There are 4 protein chains.
Amino acid sequence: MKKITLLINCPDKKGIIATVTNFIVNKKGNTVYIEQHIDRELGEFFMRLECEFDEDEEKLALFKDSFNKVVADNYNMHWEMYNSEKKPKMALFVSKYDHCLYDILGRYASGELKVKIPVIISNHVDLKPIAHSFNIPFKHIPVTKENKAQAEIEQLALLKEHKIDFIVLARYMQILSPNFVDQFPNAIINIHHSFLPAFPGAKPYHSAYKRGVKIIGATSHYVTSDLDEGPIIEQEIVRVSHIHNVQDFILKGRDLEKIVLSRAIKHHIERKVLVYSNKTVIFS
Amino acid sequence: MKKITLLINCPDKKGIIATVTNFIVNKKGNTVYIEQHIDRELGEFFMRLECEFDEDEEKLALFKDSFNKVVADNYNMHWEMYNSEKKPKMALFVSKYDHCLYDILGRYASGELKVKIPVIISNHVDLKPIAHSFNIPFKHIPVTKENKAQAEIEQLALLKEHKIDFIVLARYMQILSPNFVDQFPNAIINIHHSFLPAFPGAKPYHSAYKRGVKIIGATSHYVTSDLDEGPIIEQEIVRVSHIHNVQDFILKGRDLEKIVLSRAIKHHIERKVLVYSNKTVIFS
Amino acid sequence: MKKITLLINCPDKKGIIATVTNFIVNKKGNTVYIEQHIDRELGEFFMRLECEFDEDEEKLALFKDSFNKVVADNYNMHWEMYNSEKKPKMALFVSKYDHCLYDILGRYASGELKVKIPVIISNHVDLKPIAHSFNIPFKHIPVTKENKAQAEIEQLALLKEHKIDFIVLARYMQILSPNFVDQFPNAIINIHHSFLPAFPGAKPYHSAYKRGVKIIGATSHYVTSDLDEGPIIEQEIVRVSHIHNVQDFILKGRDLEKIVLSRAIKHHIERKVLVYSNKTVIFS
Amino acid sequence: MKKITLLINCPDKKGIIATVTNFIVNKKGNTVYIEQHIDRELGEFFMRLECEFDEDEEKLALFKDSFNKVVADNYNMHWEMYNSEKKPKMALFVSKYDHCLYDILGRYASGELKVKIPVIISNHVDLKPIAHSFNIPFKHIPVTKENKAQAEIEQLALLKEHKIDFIVLARYMQILSPNFVDQFPNAIINIHHSFLPAFPGAKPYHSAYKRGVKIIGATSHYVTSDLDEGPIIEQEIVRVSHIHNVQDFILKGRDLEKIVLSRAIKHHIERKVLVYSNKTVIFS
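Keep in mind it's a predicted model, so treat the numbers as computed, not measured.

How each quantity is defined
Residues numbered from 1 in each chain as written. Chains lettered and ligands numbered in written order. Predicted model: local features only at pLDDT ≥ 70, side-chain atom pairs only at ≥ 80, totals over all residues. Heavy atoms only, no water. Pairing = 2+ DSSP bridges. Helix = DSSP H or I, 4+ residues; strand = E, 2+ residues; numbered from the N terminus. Axes fitted to C-alpha atoms, helices over the stretch in contact; angles between N-to-C directions. Contact = heavy atoms within 4.5 Å. Buried area = accessible area lost by both parts, 1.4 Å probe. Salt bridge = Lys/Arg side-chain N within 4 Å of Asp/Glu carboxyl O. Least-squares fit on C-alpha atoms with pLDDT ≥ 70 in both. Polar contact = N/O pair within 3.5 Å; in protein donor to acceptor, adjacent residues only side chain to side chain. Expected span 1.5 Å × (residues − 1). Bend = angle between axes of the 7 residues up to and from the residue. Buried < 20%, exposed > 50% of the residue type's maximum accessible area, 1.4 Å probe, protein only. Phe/Tyr/Trp six-rings, centres within 6.5 Å; stacked < 30°, edge-to-face > 60°. Lys NZ or Arg CZ within 6 Å of the ring centre and 35° of its normal.

A. Structural detail: the sheet that holds strand 11 (residues 232–239) of chain A. Residues and elements named next belong to chain A. Strand order across the open sheet formed by seven strands is 7-6-5-8-9-10-11, with mixed pairing between neighbours. Two strands lie at the open edges of the sheet, namely strand 7 (138–140) and strand 11, each paired on one side alone. Pairwise comparison of adjacent strand axes, ignoring direction, gives a mean angle of 20° for this sheet. Direction of pairing for strand 8 (residues 166–169) relative to strand 9 (residues 188–192): parallel, over a ladder of three bridges. Residue pairing for strand 9: Leu169 is matched across the bridge by Asn190.

As structure tokens, this is what we get:
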């Protein structure tokens, strides 16, 4: 049996669900799970569909062709197809903070994250021992104001070499150039240590402390060329009070960052995220 | 246009989604929203489906007949059909506590709850003025150990007279007999003031205080003949600490009870609840 | 027995606690509850203290004089003294939204809020029936761009007449002038329907929806002359997802607003709030 | 400067605070932080007090003697004194689950937990490599039904040898005997993977799944001879729905267990927990 996942969006119209599910029946497939969303304001239809095919029934390439002709073109669909059993390849970008890296690698080692991690890239050497203790190659590519363009060329070459599907910035302390970002649309996941859109940019815990908020948060989002403005994937919060100082905020925030980032990675790996209009549809 | 909602469950099998959506297409209907769940452990398939028909295309009775023959019988389905535009009729049972009643009637008056409330039934007269201020008939049926059977006969007559679809026990302080409960399967919603299954029965806030818990909760569930053992619809919690006494628990709990009960009522009204194996599937 | 509450802040220094508690012992009082906070960054000391005196032992005025001479002057203290049994006088300002008003008056009627409400002031007549159903005087003072200054004079006269201690803006849809605000420092409580500092100003739910956040919030704060920039008293949040539209945000937000505003009012009534450096210390 | 922390409880009586703070002033100390709680129902007074002394002013032993004579005996106090700068010694008991161990050691390594860990004791060898990667001695003491008494003798000898102050059961899958427990009163911290008192005993996630709860939790408590009945230190919860199976519960629960256990350990290390009447007072 071959399992595939379809992610579809198109202008909302009559009969989409029946058309798609019929197409699958005709291809001798079985729809095992369907989820759907309609954005009434934008008139947009979203669907995530898991289906199974007997192995020889359908070649993936043929399916694609056929689906385009019979279904997608008629509905002006944007769609993607994934082999559900194939683990995507994730690159980790880190700097000096280790808590998110430890957390991700722990979940990876225990099998919680169904992903391959061909490489960890860092602008510092500090976290190399952690990478090695999990048997993952670690590449040190220093980044300075002067060499940034060259460094990104090296990074991109590495990503290409390892056929990386998506990137996770696990508290990577450099801003990626628009050119870099353009090459991984909706495929770079960042963790920002505030409840966006509050406190974008640097030192959000300090700003939150100064403002005297009673709740702090963390936000995971896809990176776009607008800093901290990309589509939000997941957020979580924790209560604070006057007894907590900035250092307490940072410690509490670390727990938030780990949880929010790992949830976002899981959503992405399981192909449960559709981006539209700078927002995300997160299928359950 | 006529909108209907279908709630379906049956043993999981290939092709259910396509069969159902095709049936609807053949009846000149349009499936506008579908949600689905499979309980892999029990091998059970669940689906909620909203569809639209041109008004004269299909008579409801004919649809039912046809659906049974063409679809349901083949899959051994249990299914229900609702006219999405028809407001269900809800009866409220209350005693002396007013907070849930105020909350429900406030949401009803503002149009948040799409429901009709033909009658409020109480074993005490205390809340009569509140019922009247919202222009809802209030029936006082005292209940004692001696007259309980007779009181339930009166209650059931009232419910029948008003063609009540479901009952909400808004802190009603009497236990309904198994006979009464049997006449409203999965149609009596209770609010229990604890995080079930912790602290069933009487005085849960006192028990929670005595045990020294750090979080208290409230639980809304369908009433079955086993006290506080029915399928859970919704739960919510709030943190407490050593500084809170029983009275504080009760005050904090009141806010929980209001929110949990109103959420459960909304799920029920919108036909988003499927009961199976003493648990609920809550479609989103 | 006479119960008083002291709220104190001053530069942090050795011996403050012993000095204050001794003073009370010497005045034949008994300190029954003490809470304390030190802001190490600012070097500021905060204390809330509940004490009891035998009725004739000490006249309030004498206590004040004596405390200033013996204690406060030496430590450069800012301090306030409240008679714990005296209910403060609260004025409610409302416009057209009724949910916060219903919630506050319900808690008031049940005795949960230990406060007097001499008057409800509104720029619209819509909520007059609610005020009357709770037997509270309702004053309609229309506010337009042209008459705003005059309207505030009327409002201030009413507040003075009723000896109002603090004001609650229960979704009052007008901005108070700096002059008005100056007359009630740290004594005007507002509810803002966002998780400040995200989405200040008008239509925060619309902005939150547009940004695609996964969590929405509400914030209660003291009003200062900077719009939505005053010291935050309380915040709360609720999760949302792509399935919720703006109307859903508004409905979910209503529940947040009620809870956050009522918590803030309670903190204020119980003299548990100290404002410093545009932030709040909330004693437990 | 020498910092000490006092934890006090006694029957509530007039003048305790002034008596204690005066005693400290007389000993040339400075009370820098005080927190207090009164359980009105039980008439019990609780206080946590941080104070500083010039190094030579007072010998610890003399302080104790003097405090007993001048203060404690008069008030029938139970009290404990800690050197705030001395890190307590914690032993970890583990079996096969690694998530709590990883989490605790990560926080330990980063300096978040101000504690010494002289030894990790396990009835299995599986987690030995983790202990070693953090440079902590690992002792394998197998436990069977037959050798349990002997195994506990070995464990107790190890604990004595290392002068262990308290024990953390980080998903240790053996039940300690009453005799063992008696030797560490209020000094054995367990993490139970349910929202106690719901689902005590084995396989709580399975029970929670079967019951169809909408929220699952984890509970950290001191171990007493009554299984899962000891004083609760901390609890936390996470929402679940019908889409989650037992395996999902377990995964979500792991995150809860880590957070709840680490919070409990921190409270204990910072001497913020007072146990009374099988409940905890947790100072902030």
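After that view of the structure, there is still more to cover.
B. Quick peek at the interface of chain D and chain A. Between chain D and chain A, the contact holds 14 residues from the first and 14 residues from the second. Between chain D and chain A the total buried area reaches about 1,100 Å² when both faces are included, carbon and sulfur atoms providing 53% of it. Looking at the side of chain D facing chain A, the largest losses of area belong to Ile243, Leu251 and Asp255 of chain D, adding up to 29% of the total buried there. Here chain D is connected to chain A by four salt bridges. As a salt-bridge pair, Lys258 of chain A and Asp103 of chain D come within 3.8 Å of each other at their nearest N and O atoms. Mapped by element, the contributors of at least two residues to the side of chain D that touches chain A are helix 3 (99–109) and helix 8 (246–269) of chain D. It is helix 8 of chain D that contributes the most residues to the side of chain D that touches chain A, five residues altogether.

C. Focus on the sheet that holds strand 1 (residues 2–11) of chain D. Residue and element names in this part refer to chain D. Taken together, the four strands give an open sheet; going across it, the order is 2-3-1-4, and neighbouring strands pair in antiparallel fashion. Among the strands making up the open sheet, the edge pair consists of strand 2 (29–39) and strand 4 (78–83). With direction set aside, neighbouring strand axes in the sheet form an average angle of 15°.

D. Examining the relation of the copies chain D and chain A more closely. Superposing chain D onto chain A takes a rotation of 180° combined with a translation of 0.0 Å along the rotation axis, leaving an RMSD of 0.0 Å. Such a turn and shift between the copies fits a two-fold axis. Most of the interface of chain D is mirrored in chain A: 100% of its interface residues are interface residues there too.

E. Representation of the interface of chain A and chain C within the structure. Tallying the contact residues gives 34 residues for chain A and 34 residues for chain C. Of all residues in chain A, Arg211, Lys214 and His242 of chain A give up the largest surface area on contact with chain C, accounting jointly for 25% of the area buried on that side. Here chain A and chain C share four salt bridges between them. For Glu236 of chain C, the salt bridge is made with Arg239 of chain A, and the minimal N-O distance between the two is 3.2 Å. Applying the counting criterion to the chain A and chain C interface returns 24 residue pairs in polar contact (both at pLDDT 80 or more). Breaking the side of chain A that touches chain C down by element, the ones donating at least two residues are strand 2 (29–39), helix 7 (204–211), strand 11 and strand 13 (279–282) of chain A.

F. Region of interest: helix 2 (residues 60–75) of chain D. All names here are of chain D. Here helix 2 contains 16 residues, and its C-alpha end-to-end distance of 21 Å stays within 8% of the 22 Å for a straight helix at 1.5 Å per residue. If you look at helix 2, its biggest bend is around 50°, right at Asn68. Within helix 2 the residues assigned to the buried category are Phe63, Ser66, Phe67, Val71, Ala72 and Tyr75. Residues of helix 2 that are buried sit in contact with strand 1, helix 1 (16–26), strand 3 (44–53) and strand 4. A positive phi of about 55° marks Asn76, the residue just after helix 2.

G. Just the relation of the copies chain A and chain C, in detail. Overlay of chain A on chain C (RMSD 0.0 Å): rotation 180°, translation along the axis 0.0 Å. Interface overlap between copies: 100% of the residues of chain A at the interface are likewise at the interface in chain C, consistent with a symmetric, same-surface contact.

H. Seen up close, the packing of aromatic side chains. Going through the model one piece at a time under the given rule, you end up with 42 aromatic pairs over all chains. In this structure, Lys13 of chain D is placed above the aromatic ring of Tyr75 of chain D, and the distance from its NZ or CZ to the ring centre is 5.2 Å. In this structure, Lys279 of chain D is placed above the aromatic ring of Tyr209 of chain B, and the distance from its NZ or CZ to the ring centre is 3.5 Å.

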